[in-house]
Amino acid sequence: MPASTMSAPAPTGAGVFSRMASSRHLLGLEGMSRAELLEILDRAQRFRDLLDGQGIQSQELRGVTVCNAFFENSTRTRVSFELAEQRLGATHVSFSSSDSSTAKGETLLDTLRVVQSMRVDLVVVRHPSAGVAAYLARHLDSAGVINAGDGAHEHPTQGLLDLLTLRQAWKGQFEGRRIAIVGDIAHSRVARSAIHGLRVLGTAVTVAGPPTLLPMGLEALGVECSGTVDDAMRGADAVMALRLQRERMEQGLLASTSEYARVWGINARRVELLEPEGVVMHPGPMNRGVEIAADVADGPRSVVFQQVTDGVAVRCAVLLRCATARAHEVRP
Ligand code: CP
């Protein structure tokens, strides 16, 4: 048997996901059922409660080896995956494109096959190209693949952490709620994952942004488009500001940052349009004073840093889920 097909022992917390964890991969939230989403959120909430209390000091991933392969910059996602792996007792290593042999011309697949050959059980991958996570999942015969953001396609763990933050803010009730997602929808993997998850859970979604940055086909996802931020936010239960990707300006898709802030930015006046308990979200990194005013980012409605904490909890749950599925799929 090739070394790469040998299995890690089942995680000690395997029973938690034994029935539902149907895949060792997490490639996106598209197609995920309500039951699957809620199961991950339930498990993540238990990790979140531990973070607020005694902390997470578990050996549930003892014997599991994880490699974080980042071909694009990251602070939140990479650090929180590393912390989650450490706190669950996994062996973990990380590399980025600049310090790997891809910089010498090795193909992405060869690089990840090398990693798999070292008996790595799970690969967490971020890459600028959409579809890379699915491509690796098709070609790696034993390692599980967790998508940490692939181009403009999906960022499923960000979508899940957004759901966890909203579930807390909304006291567990997704149905009958509405969120406004504002900004560069077309290039946002964050928006795409959030929309898939929120629609499955029964939340209405209104998007608003420059017409050049609204993709086709939003209606097919059950999303409403609004011509102005004010209309999108009026009566909403949350607003999610998306990062302005300044590189789009060079492509002529936007005028200027000051114009963008005036027309599409989330400021204190606009926050007053939300429902009284409505919250302000941002996946980060934030451009303060552009898509979100500094006083809003730091204000009482902001859950921006709560989202970051929820990210550690969600990544614990996702690692456990994928490791459990892998232990059942790949038998020694
Ligand atoms: N939200 C997010 O993915 O942030 P990072 O790029 O810092 O990981």
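Residues numbered from 1 in each chain as written. Predicted model: local features only at pLDDT ≥ 70, side-chain atom pairs only at ≥ 80, totals over all residues. Heavy atoms only, no water.

## Here's the deal with the overall build of the protein chain
Secondary structure assignment for the protein chain yields 12 helices and 9 strands. A globule of 332 residues ought to have a C-alpha radius of gyration of about 20 Å, and the protein chain, at 20 Å, matches this closely. Judged by the C-alpha coordinates and their principal axes, the protein chain covers about 60 × 45 × 35 Å. Across the 332 residues of the protein chain, 57% fall into the buried class. Per element, the accessible surface of the protein chain, about 13,400 Å² overall, is 51% carbon and sulfur. The distance from the centre of the 35 positive side-chain charges to the centre of the 36 negative ones in the protein chain is 3 Å. (Helix = DSSP H or I, 4+ residues; strand = E, 2+ residues; numbered from the N terminus. Rg over C-alpha atoms; globule rule 2.2 N^0.38 Å. Buried < 20%, exposed > 50% of the residue type's maximum accessible area, 1.4 Å probe, protein only. Areas by Shrake-Rupley, 256 points an atom, 1.4 Å probe, with all protein chains shown as cover. Lys, Arg positive; Asp, Glu negative; His and termini not counted. Charge placed at Lys NZ, Arg CZ, Asp CG, Glu CD.)

## Observations regarding the site of the ligand
Close to the ligand lie N73, S74, T75, R76, T77, R126, H155, Q158, P283 and G284. At 3.0 Å, a side-chain N or O of R76 approaches an oxygen atom of the ligand. Protein chains shield 92% of the accessible area of the ligand, which is 250 Å² for the free molecule. Residues belonging to the shell around the ligand are distributed by class as follows: 1 nonpolar, 7 polar and 2 charged. Lining the shell around the ligand are residues from two domains, each supplying at least three of them: domain 1 (14-154 + 309-330) and domain 2 (156-304). (Near = heavy atom within 4 Å. Polar contact = N/O pair within 3.5 Å; in protein donor to acceptor, adjacent residues only side chain to side chain. Nonpolar A, V, L, I, M, F, W, Y, C, P; charged D, E, K, R; others polar. Domains from an automatic or database assignment.)

## Notes on the packing of aromatic side chains
The relative placement of two aromatic rings is captured by the distance of their centres and the angle of their planes. What the rule picks out here adds up to 2 aromatic pairs. Consider the rings of F71 and F95, whose centres lie 5.9 Å apart with planes at 90°: the pair is edge-to-face. With a gap of 24 residues between them, F71 in the loop between β1 (65-70) and α2 (76-87) and F95 in strand β2 (residues 91-96) connect regions that are remote in the sequence. (Phe/Tyr/Trp six-rings, centres within 6.5 Å; stacked < 30°, edge-to-face > 60°.)

## Thoughts on helix α1 (residues 34-52)
Every α-helical turn comprises 3.6 residues, leaving residues that sit three or four positions apart pointing alike. Between its terminal C-alpha atoms α1 stretches 26 Å, which fits the 27 Å expected from 19 residues at 1.5 Å a residue. The set of residues buried in α1 consists of E36, L37, E39, I40, L41, R43, A44, Q45, F47 and R48. (Expected span 1.5 Å × (residues − 1).)

## Brief notes about the domain arrangement of the protein chain
Here the domain parsing of the protein chain yields domain 1 (14-154 + 309-330) and domain 2 (156-304). Distance between the C-alpha centres of domain 1 and domain 2: 26 Å. The interface is formed by 35 residues belonging to domain 1 together with 26 residues belonging to domain 2. Here domain 1 packs against domain 2, burying approximately 2,400 Å² in sum over the two surfaces, 61% of which is carbon and sulfur. The tally of links from domain 1 across to domain 2 stands at 3 salt bridges. Across the pair R34 and E175 runs a salt bridge whose closest N-O atoms are separated by 3.1 Å. Applying the counting rule to domain 1 against domain 2 returns 12 residue pairs in polar contact (both at pLDDT 80 or more). At the level of elements, α1, α2, β3 (122-127), β4 (144-150) and α12 (304-329) are the ones that each hand at least two residues to the side of domain 1 that touches domain 2. The element contributing the most residues to the side of domain 1 that touches domain 2 is α1, with 9 residues. (Contact = heavy atoms within 4.5 Å. Buried area = accessible area lost by both parts, 1.4 Å probe. Salt bridge = Lys/Arg side-chain N within 4 Å of Asp/Glu carboxyl O.)

## Let's talk about the sheet that holds strand β9 (residues 279-281)
Strands pair in a sheet through their backbones, by hydrogen bonds, and they do so in one of two ways: parallel or antiparallel. Spatially, β7-β6-β5-β8-β9 is the arrangement adopted by the 5 strands of the open sheet, whose pairing is parallel. At either margin of the open sheet sits one strand with a lone partner, and together these are β7 (224-226) and β9. For this sheet, the mean angle separating the axes of adjacent strands, direction not counted, is 25°. One ladder, built from 4 bridges, connects strand β5 (residues 178-182) with strand β8 (residues 238-241); its direction is parallel. (Pairing = 2+ DSSP bridges. Axes fitted to C-alpha atoms, helices over the stretch in contact; angles between N-to-C directions.)

## Comments concerning the nonpolar core
L160, L166, I179, I181, L198 and L319 are the most contacted members of the largest nonpolar core, which has 56 residues in total. Of the residues forming this core, the biggest block, 9 residues, is contributed by α12. Three or more residues apiece are contributed to this core by two domains, here domain 1 (14-154 + 309-330) and domain 2 (156-304). The contacts of L319, once residues within four sequence positions are left out, are L61, V66, F81, A84, E85, L122, V124 and I146. (Core = buried A, V, L, I, M, F, W, Y, C linked by side-chain atoms within 4.5 Å.)

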